[in-house]
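Chains, contacts and geometry: an overview
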Amino acid sequence: MKLILAVVQDKDVTRLQDALSEAKFKTTKLASSGGFLKEGNTTLMIGCDDDHVDQALDLIRDNCSRREQMVAPISPMGGNADSYIPKPVKVEVGGATVFVLPVDAFHHF
Amino acid sequence: MKLILAVVQDKDVTRLQDALSEAKFKTTKLASSGGFLKEGNTTLMIGCDDDHVDQALDLIRDNCSRREQMVAPISPMGGNADSYIPKPVKVEVGGATVFVLPVDAFHHF
Amino acid sequence: MKLILAVVQDKDVTRLQDALSEAKFKTTKLASSGGFLKEGNTTLMIGCDDDHVDQALDLIRDNCSRREQMVAPISPMGGNADSYIPKPVKVEVGGATVFVLPVDAFHHF
Ligand code: NI
Ligand code: NI
Ligand code: NI
């Protein structure tokens, strides 16, 4: 038995939880923020048997890896909005920091 | 030394914390949600000596076990409220998912 | 690799995070409350190599130790406020409860 603590961005957490749930993993979300990743992250606790750790890690990697995304920039305040043509910019999103912890005992009451 | 992480329903957490506190256990509440249990859960961190783990587990089992409860259903919207006789229904409440983690070192500053 | 879980008072957490960040530690904040310390605490998760645990513990001790502080008491409601001279009182603040957990594996995606 292992306890996986995965710190992931808020924007990825629903997709990850869906993927984990489909694969029969049970997860609990802890409200978290800052530090390992930019603001707006969530820590997932995932309890699983030793032989399912790799599968869980694959799902986290598949759904949360750091990646680049094109986003429309916020249009500037004031000025002539009509003549403003927003140019998409590349930003880095996602990313996951994952700890796999040993578990001495697991109970479900 | 062990660190017990107990995911329990919000409705059970105050009673459990009172029971743990009376038995001299120190606890910290982490805001959590979803997954192991239905929405509205709390994760308690309980640090304790190895020889008190069983006592803590007993208190969690006693206060949080999954159980059936009779609840009055929400009365239906509209219709003739006077003639509506609510029939209590059985629902499953409670439940606890518990991880006992080994601790390399404990400090109190 | 270790995972340090440090429960500290809200009033100390920003200073501690700054000190840890300056020393290149990565931290994640978990919303927490009650128990180990008085209400209003935060749990920091700090992942670090075995040989940096002592440095992290030093920073926690330096920034969060239990200490006495003189505070101006709330002035009493009603009465003659003009003639009331508040006398500072000593209160205990700070404190940290720290668990160092073994980590089986660490991943960053
Ligand atoms: Ni299997
Ligand atoms: Ni004893
Ligand atoms: Ni070093």
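A short tour of the structure in this document, coming up. (Residues numbered from 1 in each chain as written. Chains lettered and ligands numbered in written order. Predicted model: local features only at pLDDT ≥ 70, side-chain atom pairs only at ≥ 80, totals over all residues. Heavy atoms only, no water.)

Once that is clear, we can look at the overall build of chain A. For chain A, the count of helices and strands is two helices and seven strands. When each of the 109 residues of chain A is scored for burial, the buried share is 46%. Partitioning the contacts of chain A with sequence separation of at least 6, the portion at a separation of at least 24 is 73%. Accessible surface, chain A as shown: approximately 5700 Å² in total, 52% of it carbon and sulfur. (Helix = DSSP H or I, 4+ residues; strand = E, 2+ residues; numbered from the N terminus. Buried < 20%, exposed > 50% of the residue type's maximum accessible area, 1.4 Å probe, protein only. Contact = heavy atoms within 4.5 Å. Areas by Shrake-Rupley, 256 points an atom, 1.4 Å probe, with all protein chains shown as cover.)

Before going further, it helps to spend a moment on the interface of chain B and chain C. Tallying the contact residues gives 20 residues for chain B and 25 residues for chain C. The largest contributions to the chain B side of the interface with chain C come from Asp104, His107 and Phe109 of chain B, which together make up 36% of the buried area. Where chain B meets chain C, there are one salt bridge. For lysine 2 of chain C, the salt bridge identified is with aspartate 104 of chain B, shortest N-O distance 2.4 Å. Linking chain B with chain C are eight residue pairs in polar contact (both at pLDDT 80 or more). Looking at the side of chain B that touches chain C, the elements with two or more residues in it are strand S2 (26-33), strand S3 (41-48), strand S6 (96-102) and strand S7 (105-108) of chain B. In terms of residue count, S2 of chain B provides more of the side of chain B that touches chain C than any other element does, six residues in total. Of the residues contributing to the side of chain B that touches chain C, the split by class is twelve nonpolar, five polar and three charged. Bridge analysis of S7 of chain B against strand S6 (residues 96-102) of chain C gives four bridges, and the strand direction is antiparallel. Counted as the bridge partner of alanine 105 of chain B is valine 100 of chain C from S6 of chain C. (Buried area = accessible area lost by both parts, 1.4 Å probe. Salt bridge = Lys/Arg side-chain N within 4 Å of Asp/Glu carboxyl O. Polar contact = N/O pair within 3.5 Å; in protein donor to acceptor, adjacent residues only side chain to side chain. Nonpolar A, V, L, I, M, F, W, Y, C, P; charged D, E, K, R; others polar. Pairing = 2+ DSSP bridges.)

The next subject is unusual backbone geometry. All names here are of chain A. Phi is positive for lysine 24, which is not a glycine, with a value near 70°. Looking at the secondary structure, you find lysine 24 in the loop between helix H1 (10-22) and strand S2 (26-33). Given the relative accessible area of 73%, lysine 24 is considered exposed.

Glancing now at H1 of chain A. Residue and element names in this part refer to chain A. Taking 1.5 Å as the rise per residue, H1 with 13 residues should run 18 Å; its terminal C-alpha atoms sit 19 Å apart, in good agreement. Taken as a whole, H1 has its buried residues at Asp12, Val13, Leu16, Gln17, Ala19 and Leu20. As for H1, its buried residues are in contact with strand S1 (2-9), S2, strand S3 (41-48), helix H2 (53-64) and strand S4 (67-71). Of the residues flanking the end of H1, it is lysine 24, one or two places downstream, whose phi is positive at about 70°. (Expected span 1.5 Å × (residues − 1).)

Next up on the list: the packing of H1 of chain A against H2 of chain A. Residue and element names in this part refer to chain A. Their axes nearest at 9 Å, the elements H1 and H2 cross at an angle of 145°. The element H1 and its partner H2 pack so that their crossing is right-handed. Across from Asp12, Arg15, Leu16, Ala19 and Leu20 in H1, the residues of H2 making contact are Ala56, Leu59, Ile60, Asn63 and Cys64. Looking at the contact of H1 with H2, its residues break down into seven nonpolar, one polar and two charged. (Axes fitted to C-alpha atoms, helices over the stretch in contact; angles between N-to-C directions. Left-handed = near helix turned anticlockwise from the far one by under 90°.)

So, about the packing of aromatic side chains. Considering all chains together, one arrives at three aromatic pairs over all chains under this definition. Plain terms: the ring middles of phenylalanine 99 of chain A and phenylalanine 106 of chain C are 5.2 Å apart, the flat faces sit at 50° to each other, and that makes the pair tilted. Taken together, the residues span two chains, with phenylalanine 99 of chain A in strand S6 (residues 96-102) and phenylalanine 106 of chain C in strand S7 (residues 105-108). (Phe/Tyr/Trp six-rings, centres within 6.5 Å; stacked < 30°, edge-to-face > 60°.)

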